[in-house]
Number of protein chains: 2
Amino acid sequence: MLRTNNCGALGLAEVGQQVTLAGWVQKTRNKGFMLWVDLRDRYGITQIIFDSERTPKAVFEQAQSLGREFVIQIRGEVIERESKNPNMNTGDIEILADQLHILNTASTPPFTIEDKTDGGEELRMQYRYLDIRRKPVRDNLLFRHQVTLAVRNYLSKANFVEVETPYLIKSTPEGARDFVVPSRMHKGEFYALPQSPQTFKQLLMVGGMDKYFQIVKCFRDEDLRADRQPEFTQIDCELTFVEQDDILDQFEGLTRHLIKNIHGVDVGEFPRMPYEEAMRRFGNDKPDIRFGMEFAEMNAVAKGKGFGVFDNQEFVVGIAVPGAAEYTRKQIDGLIDWVKRPQIGALGLVWAKYNADGSFKSSVDKFFTAEDLSAWAETTGAQPGDLMLVMAGAKDSTRSQLSALRMEMAERLELRDPTVFAPLWVTDFPLLEWDEESQRYHAMHHPFTAPKPEEIELLATDPGKVKANAYDLVLNGNEIGGGSIRIHDGDLQQKMFDLLGFTPEEAQAQFGFLMDAFQYGAPPHGGIAFGLDRLVAILGGQETIRDFIAFPKNNSGRDLMIDAPTSIDAGQLDELALVIQPKDEV
Amino acid sequence: MLRTNNCGALGLAEVGQQVTLAGWVQKTRNKGFMLWVDLRDRYGITQIIFDSERTPKAVFEQAQSLGREFVIQIRGEVIERESKNPNMNTGDIEILADQLHILNTASTPPFTIEDKTDGGEELRMQYRYLDIRRKPVRDNLLFRHQVTLAVRNYLSKANFVEVETPYLIKSTPEGARDFVVPSRMHKGEFYALPQSPQTFKQLLMVGGMDKYFQIVKCFRDEDLRADRQPEFTQIDCELTFVEQDDILDQFEGLTRHLIKNIHGVDVGEFPRMPYEEAMRRFGNDKPDIRFGMEFAEMNAVAKGKGFGVFDNQEFVVGIAVPGAAEYTRKQIDGLIDWVKRPQIGALGLVWAKYNADGSFKSSVDKFFTAEDLSAWAETTGAQPGDLMLVMAGAKDSTRSQLSALRMEMAERLELRDPTVFAPLWVTDFPLLEWDEESQRYHAMHHPFTAPKPEEIELLATDPGKVKANAYDLVLNGNEIGGGSIRIHDGDLQQKMFDLLGFTPEEAQAQFGFLMDAFQYGAPPHGGIAFGLDRLVAILGGQETIRDFIAFPKNNSGRDLMIDAPTSIDAGQLDELALVIQPKDEV
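Throughout what follows, the structure given in this document is the object of discussion.

The rules behind each value
- Residues numbered from 1 in each chain as written.
- Chains lettered and ligands numbered in written order.
- Predicted model: local features only at pLDDT ≥ 70, side-chain atom pairs only at ≥ 80, totals over all residues.
- Heavy atoms only, no water.
- Helix = DSSP H or I, 4+ residues; strand = E, 2+ residues; numbered from the N terminus.
- Polar contact = N/O pair within 3.5 Å; in protein donor to acceptor, adjacent residues only side chain to side chain.
- Contact = heavy atoms within 4.5 Å.
- Buried < 20%, exposed > 50% of the residue type's maximum accessible area, 1.4 Å probe, protein only.
- Arc of directions from axis to C-beta.
- Buried area = accessible area lost by both parts, 1.4 Å probe.
- Salt bridge = Lys/Arg side-chain N within 4 Å of Asp/Glu carboxyl O.
- Nonpolar A, V, L, I, M, F, W, Y, C, P; charged D, E, K, R; others polar.
- Pairing = 2+ DSSP bridges.
- Axes fitted to C-alpha atoms, helices over the stretch in contact; angles between N-to-C directions.
- Phe/Tyr/Trp six-rings, centres within 6.5 Å; stacked < 30°, edge-to-face > 60°.

### Focus: the side chain of S403 of chain B
Residues and elements named next belong to chain B.
Move 1: Among the secondary structure elements, S403 is positioned in helix α12 (residues 395-412).
Move 2: Only 2.9 Å separates the side chain of S403 from the side chain of N284, close enough to count as a polar contact.
Move 3: Look past the residues within four positions of S403 in its chain and what remains in contact with it is F282, G283, N284 and F295.

### Let's talk about helix α14 (residues 490-499) of chain B
Residue and element names in this part refer to chain B.
Move 1: The complete set of buried residues in α14 reads L492, Q493, M496 and F497. End-on, the buried residues of α14 take up no more than an arc of 145°, which puts them together on one face.
Move 2: Taken together, the buried residues of α14 touch β18 (432-435), α13 (458-461) and α15 (504-517).
Move 3: Where α14 begins, one side-chain oxygen reaches toward the backbone nitrogen of D491, 3.1 Å away; that side chain belongs to D489.
Move 4: Looking one or two places after α14, you find G501, whose phi comes out positive at around 90°.

### Section: the interface of chain B and chain A
Move 1: In this assembly, 125 residues from chain B lie in contact with 125 residues from chain A.
Move 2: Here chain B meets chain A over a buried area of about 11,200 Å², counting both sides, of which 60% is carbon and sulfur.
Move 3: It is E164, F241 and Y520 of chain B in chain B that bury the most area against chain A; as a group they hold 8% of the surface buried on that side.
Move 4: At the boundary of chain B and chain A, one finds 14 salt bridges.
Move 5: The partner of E162 of chain B in a salt bridge is R152 of chain A, with the nearest N and O atoms 3.7 Å apart.
Move 6: On the surface where chain B and chain A come into contact, there are 70 residue pairs in polar contact (both at pLDDT 80 or more).
Move 7: In terms of residue count, helix α4 (residues 135-157) of chain B provides more of the side of chain B that touches chain A than any other element does, 9 residues in total.
Move 8: Considering only residue class, the side of chain B that touches chain A consists of 66 nonpolar, 28 polar and 31 charged.
Move 9: Taken together, the 3 bridges between strand β23 (residues 578-580) of chain A and strand β23 (residues 578-580) of chain B define a ladder with antiparallel strand orientation. Residue L578 of chain A lies in a different strand from β23 of chain B, and its bridge partner there is I580 of chain B.

### Comments concerning the sheet that holds strand β1 (residues 18-30) of chain A
Note on sheets: strands pair through backbone hydrogen bonds, and any given pair is parallel or antiparallel.
Residue and element names in this part refer to chain A.
Move 1: In space, the 5 strands of this closed barrel follow the order β1-β2-β3-β5-β4, with mixed pairing throughout. Taken pair by pair, the neighbouring strands of this sheet meet at an average axis angle of 55°, ignoring direction.
Move 2: The sheet contact formed by strand β2 (residues 34-41) and strand β3 (residues 44-51) spans 8 bridges and is antiparallel. When the bridges of β3 are listed, L35 appears paired with F50.

### What about the packing of aromatic side chains?
How two aromatic rings sit relative to each other is given by the distance of their centres and the angle of their planes.
Move 1: Evaluated as defined, the whole model comprises 51 aromatic pairs over all chains.
Move 2: Considering the side-chain rings of Y354 of chain B and F360 of chain B, the 4.5 Å spacing of their centres and the 20° angle between planes classify their relative orientation as stacked.
Move 3: Judged by its relative accessible area of 17%, Y354 of chain B is buried.
Move 4: A network of ring pairs unites the aromatic residues F307, F310, F367, F368 and W376 of chain A as a single cluster.

### A few points about the sheet that holds strand β14 (residues 350-354) of chain A
Residue and element names in this part refer to chain A.
Move 1: The strand order across the open sheet built from 5 strands is β12-β13-β16-β14-β15, with neighbouring strands paired in antiparallel fashion. Lying at the two open borders of the sheet, with one neighbouring strand each, are β12 (296-297) and β15 (360-362).
Move 2: Bridge analysis of β14 against strand β16 (residues 386-393) gives 5 bridges, and the strand direction is antiparallel. Bridge assignment links Y354 to a residue of β16, and that residue is D386.

Any functional reading would require information beyond the geometric quantities listed.
Pasting the structure below:
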């Protein structure tokens, strides 16, 4: 071992000990007759002192050559510091060096290895191994490890078995595009990388594994939006002989355990809210319930006053923003511009101040009296001092626009406190959603989700109305998990494939093995999958998943550090019997 | 929950309780007035009794229809059995059913769901979900889970951090062929699936992560030998500021912990044996040391007696097989045939019996006197009653042939006791091996392995002689892990790439990021990787890794259950800008 202790370990108790430390030079301070080095490793920083009087001359001279990020090994005695640093674990002591061994030199890093670095995103990604030396990044990775280990131990104690499912599988249409892997042994054929182990975990239930989990990489070849990765990690779970509430209870337990263990907070029972209620109250199926500003449906108090913008639209809806009646005209104009941006796409925004003195002032004073606006206040729950913001349009799109505005207002008012955890189950999702473009139904969750048993008959007559035993776990406005009770009956599964537009031949080719399995005694089962990257980020009080991934890819799916993907050589293509289409034909 | 208890839980303590169980019908016995069902789930089997007198009539009649592997839910009272079954956990009780709910029917499975099934390998793979219902397969998967969880907790307690490295990376030449993944966003370019996270874990050390591990899938597109999988799982580890012995100590601790925890056996300190010694004593770098039959080099006692087969060969070597002097002529001829098979490739086998009465009898009595053979016995350590088996030829191939024979004799004599664990570190591997075909050196471990510091000078003059700080962990004759101290110096790494025949441009293109990283303060580091599939199999007292993988592929890399790989549709190929070469051009 090149060290007796790490750089975060020593304190007054060790004063007088001879120790050997190894690590990186965080910084040096040279006063001529004395030179201090902050020596850093994963565990902390320890101050080393080279002293022209007490340190051997050769060592003292060699220490002059030390630069930032040099890797060194030093030996010396732990001594008490004169001026202690209460902000450091090891702030009471320093090491008076008597030996120094430079294990490696270092060129000047392209950005500073500090908590607040001067490096831009791209540079830090290219030199990710240096970025990882920074405490915030390192802490995120350590945190991720703690969370995954806690998940594994919790689930294992609850009798779940982690089973590894294969990565080289078959293309399955789960809504996204598969990454494929050409086979050399079976030329012209391809494996696919899993978008999730969905069918395998169901087969494990058919196989009697009873309770399964896996922390597993999944792959989606999608055009990347910000903060989406082509490979991501899932906590994948499935259980047999359970009903929806059993699953919610089990994973509510897990989530509560994590929040309690990490933050010492008991968040109590999670509210459970049907999808329709979430849409009505928050315009969103993953509402952030750390704050109010619930939706008020205002058709009754807003229509029929001669204001065409409201009268001609399907749906008028508003929120009361607490304490925002004092917004200036400029601030309000800013909000109007904000909702008109193409990302939101609203046509406009009506506002009404419920002033602290009880008076009203609105952008539609021409059409609405104080009495009318008082009715608005009653509907939205606005109090004196609040600002009402109202939108109108088609129901779905208006809800979605106002939901975005609600989140934006919460950001501006700092209501999204990262130290508060507000979990929520959203249940009773629709089974299907109609796709205008392809003029057919898509599975809202996936094709294996079971309809609510009492609504199976509706499948034949009004499939769009059928609700599913499907649920999402929402934490602070982010979907961190989702799942469903699955179909375990071959005939019903066949009916679903029909509804989703699979021909019997397509269903057989892609899912024949699952349909076969359902013939041999498939038990009732269901499950859930958590997005680990997001879960960890949110538990860590942040939202950017990239910060919790050791080696993330950029928005075009490229690893800037290793420079992948790249071209491969002709021999390899030949072995795979593949030819790359010339660019001009593409 | 569809059950109050599982099928392995109930005993006399629960007699009188009303319970609900769910599971699969293992078998039924019908005596007309009584019908017994063995109800099975992951946890065990519980006997259910339907009684024409005590069970409601409708339920009793419905029970008549139950077939093997039906999925049922029953309610009833726990009663004490008249004839108890001491071989079952639940053998003291049975459930007198009063409700029966058939959750799913089942077609007759294609093979019996019994510990000893009538299903052949291929059929069981095709219906792996049924195979998993069999206790031996299920127990293997549960065992695998226990082992991996124990590994994770042990390493985490020792300050290792599990860090997920990416799966979509860049082709690296680690001896085997990469699986590649065409990129849609960067047409004509490819990711590669990792053969191991080698470079990433080294970068994590450069990044100061200090102690890393990961249980991770790796991929090799090789022509599959028996019991090799294109995707396999590795326990991948790396440490900073350590020397070879630190790594051996750490992972000896892990392995000892596993054996102790699983089998209650303390295997003590692991012997450490240099590669050369292992080759000399066992003709093999992964010797099974559960038994003796060590090699005796016999040139001194075998040559010069006029027996051309020995006189004309480089190397004569033998073993003494305990108690085998009574082998018949036919048995010995069988052995001779066995070594002549092309898999072994020996030209012949000389034998000499050291009879129990002290006399000798050999296949070369014409050339060797009793006194000569007595010298053989002294050299090989043969005792009266033993059989000496001697081979001659070129040193390397003869060692390898005799090593195979030694293992075969151990099998026949049942010396390979699966309940005995004999771990062994093999150390000081050669750094390089000469490849006749390509007329150049290959890295014996991989290109990042550090030469022994005191032998670095030899690199320039006699590279074949240089030993590496590389080590394998061998358990019962199987390599279960291997690793090395890595190069952390850019110049030395460049020298290694030169030696291995990389041009500077190739080295830069493939490993530029690693060479870059070595500029910014790379610490001394080293690591190890365990083959989890094999480790689990051997700890489980078996050797077939396929039996410990939930969904293995067959020898041609095909998943028989889901039928992968398969062709993909033209649109998908087009998106990837790929064309499949017509067959006749291949």
